[in-house]
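An overview of the molecular structure
Chain by chain, the residues:
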Amino acid sequence: MPVQITEDDLKAVLPDVTTTMHLPGLDKPVEIYRDRWGVPHIKAENEDDLFFAQGFATAQDRLWHMDFDRHRALGRWSEFAGPSGINQDRLLRAAGMGRTAKLDYELASPEAKAMVDAYTAGVNAFIETSNTLPIEYKILDQTPEQWENWHCLAVYKMRNTLLGTFEPKLFRTRLVKALGAEKVAELIKGYPSGHLLTVPPGAVYEGPPLDGLDELSKAAEEANWINEVDAGSNGWSISGTLTQSGLPLVGGDSHRGLDTPSVYYQVHLSCPDFTVIGHSVPGMPGALHFCHSEYVAWGMTHGGADTQDLFIERFREGANGREYEFKGEWRPAEVLPETIEVRGAEPVALDVTITHHGPVVAGDPASGVAVAISDPGLIAGSLWVDAARDAMRAKSVAELHAALGNWTDRVNNYAVADVHGNFGYLHEGKIPIRGEANGWRAVPGWTGEYEWNGYIPHDELPKSINPESGYAITCNQRVTGHDYPYYVGLYFTPEYRARRIQTRILELEPGTATVDDMARIHAERISNPARIFTESLLRITPLDEDSAQALALMQEWDYSMDRDLAQPLIYAQTKTQVIRRLVEHRLGDMAAAVLSGVAGGDAHLRQIVIGMNTAIEQGDNAMLPAGRDWSGVLASGLQRAVADLKKSLGGDMSKWQWGRLHHTQPQHPLAPVFPELAELLNPPSVSVHGDGDTPLAGSYALNGSFIASGMSVNRYIHDPSDWTKSRWIVPLGASGHPASPHYADQAEMWSNVEYIPQLWDWAQIAAEAESRQQLEPAD
């Protein structure tokens, strides 16, 4: 039966953000100012009260968001979503984020525990005192459970832990079984020679192509088990020698799928011990990765390190229960009986099996073979919560680096700067020491030859502080050269975004750069792959009049993926046609799975696209079917592309615009479950610039649609010379309530690559506040 919800219902549950509240758990009064974009600025007299108030304010705006992530992290999404959530719950219940979140909390220092406890108390204070709850609870006929301290850590893991490498390894084994080791090895050549490295800034990769034939051949020999088994961002910092102020600048943005509400929650926290402003993960205290304190600024991108290994385990049912083989002996496996409660359906029972390598995430141990995942964040507790707390208190880049020595999961790149003039790049997190074989495939767990040998020492992780180049750029490109002594990973993003940012930075005159120049880098939409592709396209002989007309337009193009232009559409559609034919040629029966977006397939698709760009630029026809050349492939691709575009946009090419097809499509998590409420719950769509190869990100899937599936989920510019000049923006808004004016009030500015000020001065904050709320200790 359809659920009946009206706009008045949505408005009736908006939180009270003005009434003075008297709350047990507070020691001193706390002030919460919300600016005209609904962003909370919280000022307290001590750290415990500050994090209590952050928990309270976050719950006001994002309680449903927090609960959504909590249910997913704990493998309980089916309780809300019904049978459609079972497969996700199976994986996440097995992965055990809740189990390791508890271990993380137990290992944390008393100070870090106090931070988490205070935040938790604030969340529960809101749940216990609020007269209204988010509309999602009415839709589901549910009430929120009490928040527990370890839930904070679980929701952070939910947003980060599975941004890893295990799915490509599983899929690669399927490819080897279907195509053979030799064909798969030809696909995976690694980071292209001549592409930019992160460290040292400005250097390029000169190592050989990857050769995985031997390891993939072993995967083919061991692949019978597969029948039983069913992440980019930009960041940069520039030297004070380039800036008008004489102090460095930091800019960047995080690239992910567009969540509703926005994945990050903007917040400003201040107490006598420290002040920090940045993007938080709702449910987790502090501001972790895209933020600045009074002294240090840091932005984050995904480090690309391979930290998730897959171990093929042999099992048997022994006299004392389930056992697994290791070095010729049988060890007891830990087996945890679990039950997944399902909305509107019968519960699902499962056993979670754990070996010393980690939890089983694929296959059924009862069959005698299954696959366990080893991940630093899933096999043991760590001190990452202390790292998060200590980072907010750092007073220099050096202190930030020391604080992040306890960081674990995921491995991140950081563009950094401080008020003392230091700037540069840090690579932080736990990377296991082992051989490259673990990167190519799921490896035998029973032999003992693929075990980890600790982690790369913190002082040996790549970094570049105050480089002579005057800049540091991290856009998920390869971090170090071939001579780095440790295995880090097989896959890295090509240099395309990093090279455009480098070009922009090198255009700066010394002593001139300002925040406005950093904003222009955010808006950079020139595509280097588009140049390579289009230059070859312009040399073809068109197959019909429509193709000739399209080529005439392409001759006028500067390779800008601008939403108001027709040329990006012609380029993107033609490239899509060519890639689809290449994938079908190279992957055969596995092509449909890759093109449909199957888990793990995207990494292999990117390898084909990288190979295509290189082959087109070099005029190498080796990856094409026998007898074909690029001229013919591009000509037929263009012909099909223009025909498709005419069907969807009409015959007048002067009216074609990239933004007509390239736009966001934000979807509330409950909209698929309750489609009759989609119009009320989903934020509006906006057209966007860019693609997956431009700093102004707007990637899309190869399914015939150009809906933006990967984009900047935040943008930030930090100015250590005057923090009041800093800026930020998110793609939706601060609030998670669909009726709130701040549900999506930043969307249009975000799509136009505009910003809101990152308010820092408390006098200005108080004078311009949209609302003020006082939290007082209970009488």
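Residues numbered from 1 in each chain as written. Predicted model: local features only at pLDDT ≥ 70, side-chain atom pairs only at ≥ 80, totals over all residues. Heavy atoms only, no water.

1. Details of the side chain of S527
Inclusion rule: Numbering of helices and strands runs from the N terminus; a helix is a DSSP stretch of H or I covering at least four residues, while a strand is a stretch of E covering at least two. Whether two residues are in contact is decided by their heavy atoms, any of which lying within 4.5 Å being enough.
Take S527: it is sitting in the loop between α17 (515-522) and α18 (528-537). If we skip the residues at most four places from it in the chain, S527 touches Y559, M561, Y571, D691, D693 and T694.

2. Some remarks on the packing of helix α5 (residues 97-107) against helix α8 (residues 149-160)
The condition that has to hold: Lines fitted to the C-alpha atoms define the axes, with helices restricted to the stretch that makes contact. Angles between their N-to-C directions range from 0 to 180 degrees. Roughly parallel here means an angle under 35 degrees, roughly antiparallel means over 145, roughly perpendicular means 65 to 115, and every remaining angle is called oblique. The sense of a crossing depends on the near helix, which, turned anticlockwise from the far helix by less than a right angle, makes the crossing left-handed and, turned clockwise, makes it right-handed. Residues were grouped as follows: Ala, Val, Leu, Ile, Met, Phe, Trp, Tyr, Cys and Pro as nonpolar; Asp, Glu, Lys and Arg as charged; and all remaining residues, including Gly, as polar.
Between α5 and α8, the shortest axis-to-axis distance is 8 Å and the interhelical angle comes to 125°. In terms of orientation, α5 and α8 fall into the oblique class. When you trace α5 past α8, the crossing you get is right-handed. In contact with M97, G98, T100, A101, K102, D104 and Y105 of α5, α8 contributes N149, W150, L153, A154, K157 and M158. Across the contact of α5 with α8, the residue classes break down as 7 nonpolar, 3 polar and 3 charged.

3. Structural notes on the environment of R159
Convention followed: The buried label applies to any residue whose accessible area, calculated with a 1.4 Å probe on protein chains only, is under 20% of its type's maximum; exposed applies above 50%, and partly exposed to all values in between. Polar contacts here mean pairs of N or O atoms no more than 3.5 Å apart (in protein, one a potential hydrogen donor and the other a potential acceptor; neighbouring residues in sequence count only if both atoms are side-chain atoms).
Take R159: it is sitting in helix α8. By relative accessible area, which is 5% here, R159 ends up buried. Apart from residues lying up to four places away in sequence, R159 is in contact with H65, F68, D69, R72, R256, D259, V263 and V281. Among the polar contacts made by the side chain of R159, one reaches the side chain of H65 at a distance of 3.2 Å. A polar side-chain atom of R159 sits 2.9 Å from a polar atom in the side chain of D259.

4. Regarding the pairing of strand β5 (residues 249-256)
Put simply, the rule reads: Think of it this way: DSSP has to see at least two bridges between two strands before they count as a pair.
Within β5, 8 of the 8 residues are buried, leaving the element largely enclosed by the surrounding structure. The pairing of strand β4 (residues 233-238) with β5 spans 6 bridges and is antiparallel. What sits directly across from G235, in β5, is G252. Strand direction decides the pairing type here: β5 and strand β23 (residues 710-718), joined by 7 bridges, are antiparallel.

5. Thoughts on the sheet that holds strand β6 (residues 265-271)
The strands making up a sheet associate through backbone hydrogen bonding, with each pair oriented either parallel or antiparallel. Read from one edge of the open sheet, 11 strands run β1-β26-β2-β3-β6-β7-β8-β9-β17-β18-β20, paired in mixed fashion. Each of the sheet's edge strands pairs with one partner strand only, and the pair in question is β1 (21-23) and β20 (463-465). Within the sheet, the average angular offset between the axes of one strand and its neighbour, ignoring direction, is 20°. Bridge count between strand β2 (residues 30-34) and strand β3 (residues 40-43): 4 bridges; the pairing is antiparallel.

6. Focus: the environment of E524
With respect to the helices and strands, the residue E524 is situated in the loop between α17 and α18. The exposure class of E524 is buried, given its relative accessible area of 1%. For the pair E524 and A349, spaced 175 residues apart in sequence, the C-alpha separation works out to 51 Å. Setting aside residues up to four positions removed in sequence, E524 forms contacts with R500, R504, T694, P695 and L696. Here the side chain of E524 touches R500 through a polar contact of 3.2 Å, side chain to side chain.

7. Structural notes on the pairing of β6
Counted residue by residue, β6 has 7 buried out of 7 residues, so it is predominantly covered. Both faces of β6 are covered, namely the face carrying Y265, V267, L269 and C271 and the face carrying Q266, H268 and S270. Here β6 pairs with strand β7 (residues 274-280) via 7 bridges, running antiparallel. Across the sheet, residue Y265 finds its bridge partner in β7, namely S280. Taking the residues that link successive antiparallel strands as the turn, the β6-β7 hairpin has 2 residues.

These figures come from the coordinates and say nothing about function on their own.
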